[in-house]
Amino acid sequence: MDGRILDIQKMSTEDGPGIRTTVFFKGCNLQCAWCHNPESISAKSRVLWVRERCIGCGCCVKGCPAGALAFDGNGAWVDREKCAGCLKCAENCPTGAMERKGIEYTCDALAAELLKDKAYYEKSGGGVTASGGEPLLQADFVRGLFQLLRDAGVHTALDTAGNVPFDKMESVLQYSNLLLLDIKLLDGKQHKKFTGAGNALILENAVKAAEYAVQRGIDIWIRTPVIPGATDSGQNIAAIGKFISQNLHLAVKRWELCAFNNLCRDKYERLGSEWDYRGTPLMQRVDMERLRAAAEDSAGTPDLVLWTGAVQREDTK
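Starting from 1, residues in each chain are numbered consecutively following that chain's sequence as written. For this predicted model, a pLDDT threshold of at least 70 governs which residues receive local features, and a threshold of 80 or more governs which side-chain atom pairs are given and counted, while totals over whole chains, interfaces and linings are taken from all residues. Hydrogen atoms and water are omitted, and side-chain values are computed over all heavy atoms in the structure.

Student: So what about the packing of aromatic side chains? Which residues, and what values?
Tutor: Note on aromatic pairs: the rings of Phe, Tyr and Trp (six-membered ring only in Trp) are paired at centre separations within 6.5 Å, and the planes decide the class, stacked below 30 degrees, edge-to-face beyond 60, tilted for the rest. A full pass over the atoms with the stated rule returns six aromatic pairs. Ring centres of Trp34 and Phe194 lie 6.2 Å apart, and the angle between their planes is 40 degrees; on these two criteria the pair is classed as tilted. Highlighted residues: Trp34 in the loop between strand E2 (20–25) and strand E3 (46–49) and Phe194 in helix H7 (residues 188–195), separated in sequence by 160 residues. Side by side, Trp34 and Phe194 carry an identical accessibility label, which is buried. We count a charge as sitting over a ring when the NZ of a lysine or the CZ of an arginine lies within 6 Å of the ring centre and within 35 degrees of the ring normal. Between the NZ or CZ atom of Arg254 and the centre of the ring of Trp221, over which it lies, the distance is 4.1 Å. Numbering of helices and strands starts at the N terminus; helices are DSSP runs of H or I of at least 4 residues and strands are runs of E of at least 2. Type-normalised accessible area, obtained with a 1.4 Å probe on protein chains alone, sets the label of each residue: buried when under 20%, exposed when over 50%, and partly exposed for intermediate values.

Student: Residues and numbers for the pairing of strand E9 (residues 155–160), please.
Tutor: Of all six residues in E9, five are buried, a share of seventy percent or more. Pairing of strand E8 (residues 127–131) with E9 involves four bridges; the strand directions are parallel. In the strand pairing of E9, Val128 is matched with Thr156. A crossover gets the label right-handed when its path from the first strand over the helix to the second runs clockwise, viewed with the strands pointing away from the viewer. In terms of handedness, the path from E8 via helix H5 (residues 139–151) over to E9 forms a crossover that is right-handed. Relative to strand E10 (residues 178–182), E9 is paired through four bridges, and the arrangement is parallel. In the strand pairing of E10, Ala157 is matched with Leu178. In this view, the connection linking E9 to its parallel neighbour E10 by way of helix H6 (residues 166–173) has right-handed handedness. Here a strand pair is declared whenever DSSP counts at least two bridges between the two strands.

Student: Residues and numbers for the packing of H6 against helix H8 (residues 200–216), please.
Tutor: Note on method: axes are straight lines fitted to C-alpha atoms, helices fitted across the in-contact stretch only, with angles between N-to-C directions ranging 0 to 180 degrees. Running from N to C, H6 and H8 cross one another at 30 degrees; their axes reach a closest spacing of 11 Å. If you check the angle between H6 and H8, you find them roughly parallel. The way H6 lies across H8 gives a crossing that is right-handed. Residues Phe166, Met169, Glu170 and Leu173 of H6 form the contact with H8, whose participating residues are Asn205, Lys208, Ala209 and Tyr212. As a working rule, the residues Ala, Val, Leu, Ile, Met, Phe, Trp, Tyr, Cys and Pro are called nonpolar, Asp, Glu, Lys and Arg charged, and the rest polar, with Gly in that last group. Among the residues making up the contact of H6 with H8, the classes are represented as five nonpolar, one polar and two charged. Put simply, angles under 35 degrees are roughly parallel, angles over 145 are roughly antiparallel, angles from 65 to 115 are roughly perpendicular, and the rest are oblique. Here a crossing is taken to be left-handed if its near helix is turned anticlockwise relative to the far helix by less than a right angle, and right-handed if that turn runs clockwise. The contact rule is simple, with two residues in contact once any of their heavy atoms fall within 4.5 Å.

Student: I'd like a rundown of the sheet that holds E9, residues and numbers included.
Tutor: Strands sit in the order E7-E1-E2-E8-E9-E10-E11-E12-E13 across an open sheet of nine strands; the sheet is mixed. Each of the sheet's edge strands pairs with one partner strand only, and the pair in question is strand E7 (103–106) and strand E13 (305–308). Averaged over all adjacent pairs, the angle separating strand axes in this sheet is 30 degrees, with direction ignored.

Student: Describe H6, and please don't skip the residues or the numbers.
Tutor: All buried positions along H6 are accounted for by Phe166, Met169, Ser171, Val172 and Leu173. Structurally, H6 contributes buried residues whose contacts are with H5, E9, E10 and H8.

Student: Let's hear about helix H11 (residues 285–299): which residues, and what values?
Tutor: In this scheme, a helix's expected span is set at 1.5 Å multiplied by one less than its residue total. Taking 1.5 Å per residue, 15 residues should reach 21 Å; H11 reaches 21 Å between its end C-alpha atoms and fits that length. Those residues of H11 not exposed but buried are Met288, Leu291, Ala295, Glu296, Ser298 and Ala299. Next to the buried residues of H11 lie strand E11 (219–226), helix H9 (234–247), strand E12 (252–259) and E13. Gly300 occupies a position one or two residues after H11 and carries a positive phi of about 75 degrees.

These figures capture arrangement, not role.
Given below as structure tokens:
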């Protein structure tokens, strides 16, 4: 059984407790307008053109059998309609400017790579997190990987949007210590507007996961991206807090409000795509504090909520 992996990020401190390795899986069944990992959405392996590495030699263009590449004064660009995903351009590029995203691993090979850092996990109380994309689109692989890691005594965390049949989630949760569950918007119409899909299944799975977590001793962290003009209203945050309080409170140990960041702008350029949030500024601290207060009031548990991420400097006009 092979899994298609976007990236392996070592020494991560943002995707669960302690020092962790986050494995980003390829493929996602949501189309979030603010997506910070746009290269993860397609399940196929893709190439990104990295301007800073390019020397303009044209080896990528010459080596493309589909004629999907061109090079002009602005650099290289990929015709995604023509691209067959053969990745010959990445193989022929002498500087790594055509960067491959999407590498196949077996469970054994990936587990062996992740276990190289077991000493860091043990000393820091960390472990391995499966993220994406949407890791549960490759649920069988994640389950097999987590089983190997758990057998080796490594803490495992599943980071998911929950937009899959619950049996896929349950199959991985049985080998998980922690569930990181995204709840972005509680209003179904708004959720579909900004992510391309409704949220009925996500909310249903959240309730089922909370029940399962209580029975199996699994912790849940809820994560809500705070996106200007999309999820950042006090009404949305209060609605999510009420949902947590009424349905999930026994299992949820933490609720993170994740402040919007624009560090992914270059990823869209490398994919040859436009991003609606390219010019959107960071959140302001006062707004994050306001939303945190709304979250605390609605969830009814002041120690549950925190906000994370960078914000604008206070002297920014």
